[in-house]
Amino acid sequence: MTGPRRVTIAPQSGQAIRVKRGDMIRIIDPKGQQVADLWAFALDRPKLEWLSTSQTRNATERLFPLVGESFYSMKAEPMLTLIEDASPGPHDMLYPACDQALYDHVGLPNHPNCQDNLITALARENISIDFVPDPVDLFQNSLPQPNGRIDVLPSINPPGAYVRLKAERDILLVITACAVDFHPTNGGRCTEIEVEVVPE
Ligand SMILES: [Zn+2]
């Protein structure tokens, strides 16, 4: 029997975390207003099956699962179930992860970004991917507006807010503390994300 594991994801960085089926994962925003991008890859075939935001929207017919509902792979298999949402939300499943092109566009070359942080985290696990799936953007405040806009507004997440997920299979998670510091996304400053994994 192993105890809970705690991982701190430093500001503007990312980490891969292996979890087993039945593990409970708590993703915590200690300082508040910090978006966490979440990816999940099937541990037995990470290059072939991963959490798909579009399949999750399809399966749940929602912009984001309700507590008790799951996130699905593109094979429509449950990957993670949302057990608890101790945050005001909202969360986003429409946006891609930030990448260097986004920062280039606003004159910030060589800027940390979630896509590169994902690729680096996977490389440490000896995994390379041919493309970057869209992440689940926890605590990101970009709900669609009635006029069709999906403006990214400052996160309203308070310090210590979290979501709790259950792994439905053995998964390689990658979580990034989003690197956006030029836009109000993360409240104007980038802070760390804490992850706690409690075995079944
Ligand atoms: Zn980001």
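Considerations on the coordination of the zinc ion
Right, so step 1: Within the protein, the zinc ion binds to Cys-98 (SG), Cys-114 (SG) and Cys-178 (SG); these donor distances fall in the range 2.2 to 2.3 Å.
Right, so step 2: Written as a sequence motif, the donor arrangement for the zinc ion is C-x15-C-x63-C. Residue Cys-98 is found in the loop between strand E6 (78-86) and helix H2 (100-105), and its partner Cys-178 is found in the loop between strand E9 (171-177) and strand E10 (193-198); the two are separated by 80 residues along the sequence.
Right, so step 3: Its relative accessible area of 4% is what places Cys-178 among the buried residues.

Digging into the sheet that holds strand E5 (residues 70-72)
The pairing of strands in a sheet comes from backbone hydrogen bonds and takes either a parallel or an antiparallel form.
Right, so step 1: One open sheet holds the six strands; their spatial order is E1-E10-E3-E8-E6-E5, and the pairing between them is antiparallel. Of all strands in the sheet, those bounded by a partner on one side alone are strand E1 (5-9) and E5. On average, each strand axis in the sheet is inclined to that of its neighbour by 25°, with strand direction left out of account.
Right, so step 2: Inspection of the sheet shows strand E3 (residues 24-29) paired to strand E8 (residues 161-167) by six bridges, in the antiparallel sense. The residue bridging Ile-28 from the neighbouring strand is Tyr-162, located in E8.

With respect to the environment of Val-198
Right, so step 1: Position of Val-198 among the secondary structure elements: in strand E10.
Right, so step 2: Discounting residues that sit within four places of it in the chain, Val-198 has contacts with Pro-4, Asp-23 and Met-24.

Section: helix H3 (residues 114-124)
Right, so step 1: Within H3 the residues assigned to the buried category are Cys-114, Gln-115, Asn-117, Leu-118, Ala-121 and Leu-122. Looking straight down H3, one finds its buried side chains confined to an arc of 165°; they lie on one side.
Right, so step 2: Those residues of H3 hidden inside the fold are in contact with strand E2 (14-19), strand E4 (36-42) and E9.
Right, so step 3: Following H3 by one or two positions, Asn-126 has its phi on the positive side, about 60°.

Quick notes on the pattern of salt bridges
Right, so step 1: Taken as a whole and assessed by the stated rule, the structure comprises ten salt bridges.
Right, so step 2: Among the ionic pairs, Glu-49 bridges to Arg-45, the shortest N-O distance being 2.9 Å.
Right, so step 3: Given the relative accessible area of 2%, Glu-49 is considered buried.
Right, so step 4: With a closest N to O distance of 2.8 Å, Glu-84 and Arg-164 form a salt bridge. A residue pair is termed long-range when its members are at least 10 positions apart, and Glu-84 in strand E6 and Arg-164 in strand E8 qualify at 80 residues.

Overview of the nonpolar core
In a soluble, globular protein the nonpolar side chains are often hidden away together inside.
Right, so step 1: In this structure, Ile-27, Leu-80, Leu-173 and Ile-175 are the most contacted members of the largest nonpolar core, which totals 29 residues.
Right, so step 2: Considering every element that reaches this core, the biggest residue donor is E9, with four residues.
Right, so step 3: Counting 19 residues, the second-largest nonpolar core is a separate cluster that includes Phe-41, Trp-50, Cys-98 and Tyr-103.

Considering the packing of aromatic side chains
Right, so step 1: Per the stated rule, a full pass over the model turns up three aromatic pairs.
Right, so step 2: With a centroid separation of 5.4 Å and 75° between ring planes, the pair formed by Phe-64 and Phe-71 is classed as edge-to-face.
Right, so step 3: Using a relative accessible area of 1% as the deciding quantity, one classes Phe-71 as buried.
Right, so step 4: Aromatic side chains Tyr-103 and Phe-182 sit 5.7 Å apart centroid to centroid with 80° between the ring planes, which places their arrangement in the edge-to-face category. Highlighted residues: Tyr-103 in helix H2 and Phe-182 in the loop between E9 and E10, separated in sequence by 79 residues.
Right, so step 5: Judged by relative accessible area, which is 33%, Phe-182 ranks as partly exposed.

Quick notes on the rules
Residues numbered from 1 in each chain as written. Predicted model: local features only at pLDDT ≥ 70, side-chain atom pairs only at ≥ 80, totals over all residues. Heavy atoms only, no water. Donors = N, O, S within 2.8 Å, 3.2 Å for Na, K, Ca; no water. Helix = DSSP H or I, 4+ residues; strand = E, 2+ residues; numbered from the N terminus. Buried < 20%, exposed > 50% of the residue type's maximum accessible area, 1.4 Å probe, protein only. Pairing = 2+ DSSP bridges. Axes fitted to C-alpha atoms, helices over the stretch in contact; angles between N-to-C directions. Contact = heavy atoms within 4.5 Å. Arc of directions from axis to C-beta. Salt bridge = Lys/Arg side-chain N within 4 Å of Asp/Glu carboxyl O. Core = buried A, V, L, I, M, F, W, Y, C linked by side-chain atoms within 4.5 Å. Phe/Tyr/Trp six-rings, centres within 6.5 Å; stacked < 30°, edge-to-face > 60°.

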